[in-house]
Amino acid sequence: MSTPAEELVSLITGQHGRIKTLMTDVAMASDAERPAAFERFRRYLAVHEAAEQTLLHPQGLVEFADDNVSQRRITEEQDAAAVIATLETMRSAGDFKVQFGLLQEAVTHHAEAEEHEELPRLVAALPEDVIAKVLDGFARVELWTDDIADSPLAGATTFTAMVTQSMTAFADSTPES
Ligand SMILES: [Fe+2]
Ligand SMILES: [Fe+2]
């Protein structure tokens, strides 16, 4: 039987694996397939990063006030969001592929930094009841990206809106400890 800390690490690592697969799908897609593949990637990343920005990084800002391990992750997420906003308006497939390749690299490094630098320290520092609540939140990522009509993603047409609406939903659905 695994502990909530182990379950959380495994859930987040699994979501990073899914993000990498979705990015590969976009990179390999034909011109006709690309918009739908990009949409699936954007939605999943938006809900995953919203979970981190609502439930995880704020804990890190408090726990590790002496260094900026969580602040660096937040900055990387803001940088990725800016690149995605540019990609959303790009009409040239060639330019899109170049920019997307750079994003793919940055998001992969970001996920590795979360897995190796931030997450192990956080799960060691947080009490089990807090970890259980964070775990509940991350479990919604699959749910909300599987059924868009009944999720905070409904009506969101930009990555920024997807993240904002998901963050509000995570904040509303997670009781204060
Ligand atoms: Fe992240
Ligand atoms: Fe992540």
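Residue indices follow the written sequence of each chain, beginning from 1 at its first position. Chains carry letters from A onward and ligands carry numbers from 1 onward, assigned in written order. A pLDDT threshold of at least 70 governs which residues receive local features in this predicted model, and a stricter bar of 80 or more applies before side-chain atom pairs are shown or counted, although totals over entire chains, interfaces and linings include all residues. Calculated side-chain values reflect all of the structure's heavy atoms, with hydrogen atoms and water omitted.

(A) Up close: the overall build of the protein chain. When you go through the protein chain residue by residue, the secondary structure sums to 6 helices and 0 strands. Secondary structure elements are defined from DSSP: runs of H or I of at least 4 residues count as helices, runs of E of at least 2 residues count as strands, and each element is numbered from the N terminus. Its helices and strands in sequence order give the protein chain the pattern α-α-α-α-α-α, from N to C terminus. As defined in this context, the radius of gyration uses C-alpha atoms, and a globule is described by 2.2 Å times the residue total to the power 0.38. A compact globule built from 177 residues should have a C-alpha radius of gyration of about 16 Å, and the protein chain, at 16 Å, falls within 12% of that. If you line up the protein chain on its principal axes, its C-alpha atoms span 50 × 35 × 30 Å. Expressed as a percentage of its 177 residues, the buried residues of the protein chain come to 41%. Whether two residues touch is decided by their heavy atoms; if any such pair falls within 4.5 Å, the residues are in contact. Considering only contacts in the protein chain between residues 6 or more positions apart, those separated by 24 or more positions represent 77%. Here the accessible surface of atoms and residues is derived via Shrake-Rupley with a 1.4 Å probe, and residues count as covered only by protein chains that are part of the display. In the form shown here, the protein chain has an accessible surface area of approximately 8800 Å², with 55% of it arising from carbon and sulfur atoms. Between the mean site of the 13 positive side-chain charges and the mean site of the 31 negative ones, the protein chain shows a separation of 7 Å. Residue burial is assigned from relative accessible area. The probe radius is 1.4 Å, only protein chains are included, and a residue is buried under 20% of its type maximum, exposed over 50%, and partly exposed in between. For the charge count, each Lys or Arg is scored as positive and each Asp or Glu as negative, with His and the chain ends excluded. Charged side chains are reduced to one point each, which is NZ for Lys, CZ for Arg, CG for Asp and CD for Glu.

(B) Highlighting the coordination of the iron ion (ligand 2). Each metal's donors are the N, O and S atoms within 2.8 Å of it, or within 3.2 Å when it is Na, K or Ca, and because water is not part of the set, sites may look incomplete. Those protein atoms acting as donors to the iron ion (ligand 2) are His16 (NE2), His48 (NE2), Glu52 (OE) and Glu114 (OE), and they sit at 1.9 to 2.2 Å. Metal sites are grouped by the angles between bound donors: all angles between 85 and 135 degrees with four donors is tetrahedral, opposite donors over 155 degrees apart with the others between 65 and 115 is square planar for four donors and octahedral for six, and any other pattern is irregular. Given 4 donor atoms and angles of 80 to 171° at the metal, the environment of the iron ion (ligand 2) is assigned as irregular. All donors of the iron ion (ligand 2) come from a single chain, and their spacing in sequence reads H-x31-H-x3-E-x61-E. Separating the iron ion (ligand 2) and the iron ion (ligand 1) is a distance of 3.2 Å, and glutamate 52 donates to both of them. With a gap of 66 residues between them, histidine 48 in helix α2 (residues 34-63) and glutamate 114 in helix α4 (residues 93-125) connect regions that are remote in the sequence. Of the two residues, histidine 48 and glutamate 114, both sit in the buried class.

(C) Seen up close, the coordination of the iron ion (ligand 1). With distances of 1.9 to 2.2 Å, the protein atoms coordinating the iron ion (ligand 1) are Glu49 (OE), Glu52 (OE), Glu77 (OE), His110 (NE2) and Glu114 (OE). Counting along the primary sequence, the residues that act as donors to the iron ion (ligand 1) give the motif E-x2-E-x24-E-x32-H-x3-E.

(D) The UniProt feature "domain: Hemerythrin-like" (unreviewed entry) in the protein chain, seen in detail. UniProt positions are given in the numbering used here, feature names are shortened, and annotations may be inferred rather than shown by experiment. Under the feature "domain: Hemerythrin-like" (unreviewed entry), the UniProt entry names residues 9-122. Overall, residues 9-122 shows 89% helix and 0% strand. The separation of its end C-alpha atoms is 10 Å.

(E) Expanded view of the environment of serine 2. Tracing the chain through its elements places serine 2 in the segment before α1 (4-28). For serine 2, a relative accessible area of 36% puts it in the partly exposed group. A C-alpha to C-alpha distance of 34 Å links serine 2 and glutamate 39, two positions 37 residues apart in sequence.

(F) Seen up close, the layout of surface pockets. Points on a 1 Å grid, built from protein atoms alone, make a cavity when a 1.4 Å probe fits but cannot get out and make a pocket when they are open with protein on both sides within 12 Å along at least 5 of 7 lines; residues with an atom within 4 Å of a point are the lining residues. Grid points are joined across faces, edges and corners, and a volume is the space filled by probe spheres set on the points. In this model, the second largest pocket occupies a volume close to 190 Å³. Lining the second largest pocket are Arg34, Pro35, Phe38, Glu39, Arg42, Leu87, Glu88, Met90, Arg91, Ser92, Ala93 and Phe96. Contributions of two or more residues to the lining of the second largest pocket are made by α2, α3 (69-89) and α4. Broken down by element, the lining of the second largest pocket gets its largest block of residues, 5 residues, from α2.

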